[in-house]
Amino acid sequence: MKFFVLLIIAYLLGSIPSGVWVGKLFFKKDLRQFGSGNTGTTNTFRVLGKKAGIAVLLMDILKGTLATSLPLLFSLNVNPLVFGVAAVLGHTFPIFANFKGGKAVATSAGMILAYNPAFFVYSALIFIIMLYITSMVSLTSMISAVLITLSTIILPVAIPAILPQFDWLLTMIAFALTIFIFIRHKDNIKRIKDGTESRVPFGLGAKKEN
């Protein structure tokens, strides 16, 4: 019974529509009606600005972290990643925002942070490096997802200090999230092919565009 109650709580935590609430409360704007219509961090940055974007990023990461920490907080002997996935699903299909949410990247990062902080730092470095190279958040998200998934297999052998042992559930979830992230970025993929995808104003990609 405790398992199912906490699973619902994890989903509800993930369902908190950070971008929608920040937009409506402080800017009188519904993110779903501006930019890409997405409620995640990237669209928040574009529509509401840097401060709002950072706030939404931290809130979305925190949702994943809190949800994944529920088994530890309530002494439940279950792999915490199960609850992290529930939060990711909540973030992507939030009950509080008509099931229209973000693209799962930030909340997935929060899940990793609670599961293994060292692996979170490693994953964050991959994201930052790829963002500098591509200057596109969408492309960076997809490439990083692939690299992080591969890392769940390679690191336990190559650098066990970061990921001490192979966790098949982590690999399966990472693989599923990678596919999911690609699906959620289908419009971005089309814009990347057309050369019209938005870029951040730094990195090698931005310099090439200039």
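First things first, this report covers the structure right here in the doc. Quick caveat: nothing in here was measured; it's all calculated off a predicted structure.

**Here's the deal with empty space enclosed by the protein**
Point 1. Tallying each qualifying case throughout the model produces 1 cavity of 30 Å³ or more.
Point 2. Taken as a whole, the largest cavity spans an internal volume of roughly 30 Å³.
Point 3. In terms of lining, the largest cavity is formed by Ile 16, Pro 17, Ser 18, Gly 19, Thr 39, Asp 60, Lys 63, His 91, Pro 94, Lys 100 and Gly 101.
Point 4. For the lining of the largest cavity, the secondary-structure elements that each account for two or more residues are helix H2 (18–27) and helix H4 (50–73).
Point 5. Taken together, the residues of the lining of the largest cavity sort by class into 3 nonpolar, 5 polar and 3 charged.

**Observations regarding the environment of Asn 116**
Point 1. Its place among the elements puts Asn 116 in the loop between helix H6 (105–115) and helix H7 (117–134).
Point 2. Distance in space between the C-alpha atoms of Asn 116 and Phe 127 is 16 Å, their sequence separation being 11 residues.
Point 3. Apart from residues no more than four positions distant in its own chain, Asn 116 is found in contact with Ile 162, Leu 163 and Pro 164.
Point 4. A polar contact is formed between the side chain of Asn 116 and the backbone nitrogen of Ala 118, at a distance of 3.0 Å.

**Notes on the side chain of Lys 63**
Point 1. Topologically, Lys 63 is positioned in helix H4.
Point 2. In this structure Lys 63 comes out as buried when scored by relative accessible area, which is 5%.
Point 3. Among the polar contacts made by the side chain of Lys 63, one reaches the side chain of Asp 60 at a distance of 3.2 Å.

**A few points about the packing of aromatic side chains**
A ring pair, where both rings are aromatic, is described by two values, the distance of the centres and the angle of the planes.
Point 1. All chains considered together, the criterion is met by 4 aromatic pairs.
Point 2. A ring pair is formed by Phe 3 and Phe 4, whose centres lie 5.2 Å apart and whose planes are at 80°; its orientation type is edge-to-face.
Point 3. For Phe 3, a relative accessible area of 26% puts it in the partly exposed group.
Point 4. Residue classification places Phe 4 among the exposed positions, given a relative accessible area of 55%.
Point 5. A centroid spacing of 5.5 Å and a plane angle of 70° characterise the contact between Phe 3 and Phe 83, whose relative ring orientation is edge-to-face. Highlighted residues: Phe 3 in helix H1 (residues 2–15) and Phe 83 in helix H5 (residues 81–92), separated in sequence by 80 residues.
Point 6. One aromatic cluster in this structure is built from Phe 3, Phe 4 and Phe 83.
Point 7. Taking the ring centre of Phe 34 as reference, the NZ or CZ of Lys 29 above it sits at 5.2 Å.

**Quick look at the pattern of salt bridges**
Point 1. Tallying each qualifying case throughout the model produces 5 salt bridges.
Point 2. For Lys 24, the salt bridge identified is with Asp 30, shortest N-O distance 3.9 Å.
Point 3. Salt-bridge contacts for Lys 190 lead to Asp 194; the nearest nitrogen and oxygen are separated by 3.2 Å. Placement of the pair is Lys 190 and Asp 194 together in helix H10 (residues 186–194), with a separation of 4 residues, close to one helical turn.
Point 4. Overall, Asp 194 belongs to the partly exposed group, its relative accessible area being 48%.
Point 5. Overlapping salt bridges, with partners in common, bring together Lys 24, Asp 30 and Arg 32 in one network.

Parameters at a glance
Residues numbered from 1 in each chain as written. Predicted model: local features only at pLDDT ≥ 70, side-chain atom pairs only at ≥ 80, totals over all residues. Heavy atoms only, no water. 1 Å grid on protein atoms, 1.4 Å probe; cavity = no way out; pocket = protein on both sides within 12 Å on 5 of 7 lines; lining within 4 Å. Points joined across faces, edges and corners; volume = space filled by probe spheres on them. Helix = DSSP H or I, 4+ residues; strand = E, 2+ residues; numbered from the N terminus. Nonpolar A, V, L, I, M, F, W, Y, C, P; charged D, E, K, R; others polar. Contact = heavy atoms within 4.5 Å. Polar contact = N/O pair within 3.5 Å; in protein donor to acceptor, adjacent residues only side chain to side chain. Buried < 20%, exposed > 50% of the residue type's maximum accessible area, 1.4 Å probe, protein only. Phe/Tyr/Trp six-rings, centres within 6.5 Å; stacked < 30°, edge-to-face > 60°. Lys NZ or Arg CZ within 6 Å of the ring centre and 35° of its normal. Salt bridge = Lys/Arg side-chain N within 4 Å of Asp/Glu carboxyl O.

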